[in-house]
Amino acid sequence: MYKKSASGDVPVISKGSCYLENESQDMLPSKKGQDHDRNGKVVLKKKVTLLRGISIIIGTIIGAGIFISPKGILQHTGSIGMSLTVWTACGILSLFGALCYAELGTCIKKSGGHYTYILEAFGPLPAFVRVWVELLVIRPAATAVISLAFGRYILEPLFIQCEIPDLAVKLVTALGITIVMVLNSMSVSWSARIQIFLTFCKLIAILIIIVPGVMQLIKGETQNFKDAFVGKDVSVMGLPLAFYSGMYAYAGW
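Each value, and the rule that gives it
Residues numbered from 1 in each chain as written. Predicted model: local features only at pLDDT ≥ 70, side-chain atom pairs only at ≥ 80, totals over all residues. Heavy atoms only, no water. Helix = DSSP H or I, 4+ residues; strand = E, 2+ residues; numbered from the N terminus. Buried < 20%, exposed > 50% of the residue type's maximum accessible area, 1.4 Å probe, protein only. Contact = heavy atoms within 4.5 Å. Areas by Shrake-Rupley, 256 points an atom, 1.4 Å probe, with all protein chains shown as cover. UniProt positions renumbered as here; feature names shortened; annotations may be inferred. Phe/Tyr/Trp six-rings, centres within 6.5 Å; stacked < 30°, edge-to-face > 60°. Lys NZ or Arg CZ within 6 Å of the ring centre and 35° of its normal.

1. Brief notes about the overall build of the chain
And step 1. Counting its regular elements, the chain contains eight helices and four strands.
And step 2. Along the chain, helices and strands appear, N-terminal first, in the series β-β-β-β-α-α-α-α-α-α-α-α.
And step 3. A total of 253 residues make up the chain; the buried ones form 21% of that total.
And step 4. A separation threshold of at least 6 residues defines the contact pool for the chain, and within that pool the share at least 24 residues apart is 51%.
And step 5. Summed over all atoms, the accessible surface of the chain reaches about 18,600 Å², with 69% contributed by carbon and sulfur.

2. Considering the UniProt feature "transmembrane region" (unreviewed entry) in the chain
And step 1. With numbering matched to this structure, UniProt assigns "transmembrane region" (unreviewed entry) to residues 48-68, 80-102, 138-155, 167-190, 196-218 and 230-251.
And step 2. Secondary structure within residues 48-68 divides into 76% helix and 0% strand; the distance between the first and last C-alpha atoms comes to 29 Å.
And step 3. End-to-end, the C-alpha atoms of residues 196-218 are 32 Å apart, and along that stretch the chain is 100% helix and 0% strand.

3. Thoughts on the packing of aromatic side chains
Between two aromatic rings, the relevant description is the distance of the centres plus the angle of the planes.
And step 1. A full pass over the atoms with the stated rule returns three aromatic pairs.
And step 2. Seen from their ring centres, tryptophan 87 and tyrosine 250 are 5.9 Å apart, and the 75° between their planes marks the pair as edge-to-face. A residue pair is termed long-range when its members are at least 10 positions apart, and tryptophan 87 in helix H3 (residues 80-107) and tyrosine 250 in the segment after helix H8 (238-249) qualify at 163 residues.
And step 3. Overall, the relative accessible area of 17% leaves tryptophan 87 in the buried class.
And step 4. On the basis of relative accessibility, which here comes to 31%, the residue tyrosine 250 falls in the partly exposed class.
And step 5. Pairing tyrosine 101 with tyrosine 117 gives two aromatic rings, centres 5.8 Å apart and planes at 80°, and the pair type is edge-to-face. One end of the pair, tyrosine 101, is in helix H3; the other, tyrosine 117, is in helix H4 (residues 114-122), and 16 residues separate them in sequence.
And step 6. Overall, tyrosine 117 belongs to the buried group, its relative accessible area being 15%.
And step 7. The lysine or arginine in question, arginine 193, covers the ring of tryptophan 190, its NZ or CZ lying 5.0 Å from the ring centre.

Laid out in structure tokens, this is it:
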């Protein structure tokens, strides 16, 4: 059944899918794979389920830093005791940062993350600069570090007896970035499935590290904690680098 729209120019099917009532005559008909919200606008289907959302959050919090940073912290501090001190200090600083962001999220109820918070506090120019720095420097650098770690860990079992060639690491890294880009471009569902799989892999890897360590402590293997602060002296340049490695591991806050 046809009926006249409010403007009287465009016929609207009352229960059809050609045009929705209250839409302008310039809006395209609805297509398969899209939903309509309550206002009649065309929106994308919701593909991120509860499990996928949890895996994205866990994957953001537990990144590659936890597998890369321990070596750098121990290297720059020179002793087990000092490295544990740096880990504790970085954890406290990250806790304060997380609490600040929790308060910002409850006070400024808008999406956009850093951009929205800087926009509300300092205006459009600093927010604009922050977005472009994120786009051109921060995200590419973080992606490069994570991808290089991925490439090295993938090749590690194949080069147990020798050093991994840098060219092989770079090739696997480039291949990994390309695959992730293609998957995200082709299908949200497939990228979410890969995210779930990789999240479980990270959790299993962390459990493999933590559980045997706790078992050794229970058995009384505490000789590494005796004279924990004995080692090379911490240099003026080494301590900031150690803190940087620790904060990178806690960057998920």
